[in-house]
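The lines below spell out each chain.
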Amino acid sequence: MRKIINSTYVSLDGVIGNPQNWTSAYFQDEAAAYAQELLYSCDALLMGRRTFDGFSQAWPAMEEATGEFGVRMNTYPHYVVSDSLRKPGWGDTTAIRRADAVAEITKLKERDGRNILQYGFGPVSRTLVEHGLLDELRLWIHPVLVGEDDPEGMLGLRDFSASFELADTRTFKTGVIIATYRPVAK
């Protein structure tokens, strides 16, 4: 069975929103190689609507500058959980309605193929954890305090709890730590 791997950038103060504003100084060769290794180990992308909107606007214009990485970001099958998205318009994108998300994502995991990658942590991630569909959570912990007070840009999850066990860590020269966690069965 395929795994779903979540990859999320987070600051020391729990900010996950607008990572392009605070991660670029830390994205050096080691991080680029790790990101490439992670993407290439997968063959599909799963996302929520906010991530989809950002990616579908940014990645088509970045393909030339990022080479094969950008090609894969643009050509992998994309699955977006959204009730309002009618015509996704970014490559091979399938919209999944919220009411059908658990059943459809379960079927997606059961298909032949490599792992499924999810960027960012939000409502879709929460659903995955709640239903035992998330296999790994990889937090890219950046040594920066962002100071954002927008709850939408924070990792904070009201009325939600889950336990994880540490599976791996990797530290880059820039001070970024990738902590890989696996959910603990309830």
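Note: the structure precedes this text.
K.L.:
Any details on the overall build of the protein? Residues and values, ideally.
P.N.:
The helix and strand inventory of the protein stands at five helices and eight strands. Seen in sequence order, the protein has helices and strands lined up from the N terminus as β-α-β-α-α-β-β-α-β-α-β-β-β. Computed over C-alpha atoms, the radius of gyration of the protein comes to 16 Å, within 12% of the 16 Å expected from 2.2 N^0.38 for 186 residues, which places it in the range of a compact globule. When the backbone C-alpha atoms are referred to their principal axes, the protein occupies close to 45 × 40 × 30 Å.

K.L.:
Tell me about the pattern of salt bridges, and name the residues and values.
P.N.:
Should their charged atoms come close, side chains of opposite charge can pair. In total, this model carries ten salt bridges according to the counting rule given. Across the salt bridge formed by Glu104 and Lys107, the nearest N and O atoms sit 3.4 Å from each other. Here Lys107 and Glu104 lie together in helix α4 (residues 101–110), a separation of three residues that amounts to about one turn. Taking relative accessible area as the criterion, Lys107 reaches 46% and is therefore assigned partly exposed. Residues joined in a network through salt bridges with shared partners are Lys3, Glu136, Arg138 and Arg182.

K.L.:
Account for helix α2 (residues 49–66), naming residues and giving values.
P.N.:
Of all the bends in α2, the greatest, near 45°, is centred on Trp59, and the proline Pro60 appears no more than four residues after it. Along α2, the residues classified as buried are Phe52, Phe55, Ser56 and Trp59. Where α2 is buried, its residues touch β2 (42–48), α3 (68–75), β3 (78–81), β4 (93–96) and β5 (115–119). Just past α2, the residue Gly67 takes up positive phi, approximately 60°.

K.L.:
Report on the nonpolar core, specifying residues and quantitative values.
P.N.:
Membership of the largest hydrophobic core comes to 28 residues, with the highest contact counts inside it found for Leu39, Leu45, Met73, Leu117, Tyr119 and Trp140. Listing elements by their share of this core, those giving two or more residues are α1 (29–40), β2, α2, α3 and β5. The leading source of residues in this core is α1, at five residues. Apart from the residues within four sequence positions on either side, Leu45 is in contact with Leu39, Met73, Tyr76, Pro77, His78, Tyr79, Leu117 and Tyr119.

K.L.:
Give a detailed account of α3, specifying residues and quantitative values.
P.N.:
Considered for burial, the residues of α3 that qualify are Phe69, Gly70, Arg72, Met73 and Asn74. Contact partners of the buried residues in α3: α1, β2, α2, β3 and β5.

K.L.:
Now, about the sheet that holds β4: what can you tell me, with residues and values included?
P.N.:
Within the open sheet, the eight strands sit side by side as β4-β3-β2-β5-β1-β6-β8-β7. Their pairing is mixed. Looking at the sheet topology across the chains shown, the edges are occupied by β4 and β7 (164–171). Within this sheet the neighbouring strands show an average axis-to-axis angle of 25°, counted without direction. In terms of strand pairing, strand β1 (residues 4–11) meets β5 through four bridges, oriented parallel.

K.L.:
Just give me the short version of the packing of α2 against α3, but keep the residues and values in it.
P.N.:
Where α2 meets α3, the closest approach of the two axes is 7 Å, and the angle between their N-to-C directions is 150°. On the basis of their axis angle, the class for α2 and α3 is roughly antiparallel. The chirality of how α2 crosses α3 is left-handed. For the pair α2 and α3, contact is made by Phe55, Trp59, Pro60, Glu63 and Thr66 and by Glu68, Phe69, Gly70, Val71, Met73 and Asn74, respectively. The residue makeup of the contact of α2 with α3, split by class, is six nonpolar, three polar and two charged.

K.L.:
Tell me about the packing of aromatic side chains, and please be specific about residues and values.
P.N.:
Under the definition given, this model contains seven aromatic pairs. Consider the rings of Tyr34 and Trp140, whose centres lie 5.4 Å apart with planes at 75°: the pair is edge-to-face. Within this pair, whereas Tyr34 is found in helix α1, its partner Trp140 is found in strand β6 (residues 136–142), the two being separated by 106 residues in sequence. Looking at Trp140, the relative accessible area reads 2%, which means it is buried. Clustering of aromatic rings is evident, with ring pairs tying together Tyr9, Tyr34, Trp140 and Phe172. One cation-aromatic arrangement involves Arg72 over Tyr40; the distance from NZ or CZ to the ring centre is 3.6 Å.

Each value, and the rule that gives it
- Residues numbered from 1 in each chain as written.
- Predicted model: local features only at pLDDT ≥ 70, side-chain atom pairs only at ≥ 80, totals over all residues.
- Heavy atoms only, no water.
- Helix = DSSP H or I, 4+ residues; strand = E, 2+ residues; numbered from the N terminus.
- Rg over C-alpha atoms; globule rule 2.2 N^0.38 Å.
- Salt bridge = Lys/Arg side-chain N within 4 Å of Asp/Glu carboxyl O.
- Buried < 20%, exposed > 50% of the residue type's maximum accessible area, 1.4 Å probe, protein only.
- Bend = angle between axes of the 7 residues up to and from the residue.
- Contact = heavy atoms within 4.5 Å.
- Core = buried A, V, L, I, M, F, W, Y, C linked by side-chain atoms within 4.5 Å.
- Pairing = 2+ DSSP bridges.
- Axes fitted to C-alpha atoms, helices over the stretch in contact; angles between N-to-C directions.
- Parallel < 35°, antiparallel > 145°, perpendicular 65-115°, else oblique.
- Left-handed = near helix turned anticlockwise from the far one by under 90°.
- Nonpolar A, V, L, I, M, F, W, Y, C, P; charged D, E, K, R; others polar.
- Phe/Tyr/Trp six-rings, centres within 6.5 Å; stacked < 30°, edge-to-face > 60°.
- Lys NZ or Arg CZ within 6 Å of the ring centre and 35° of its normal.

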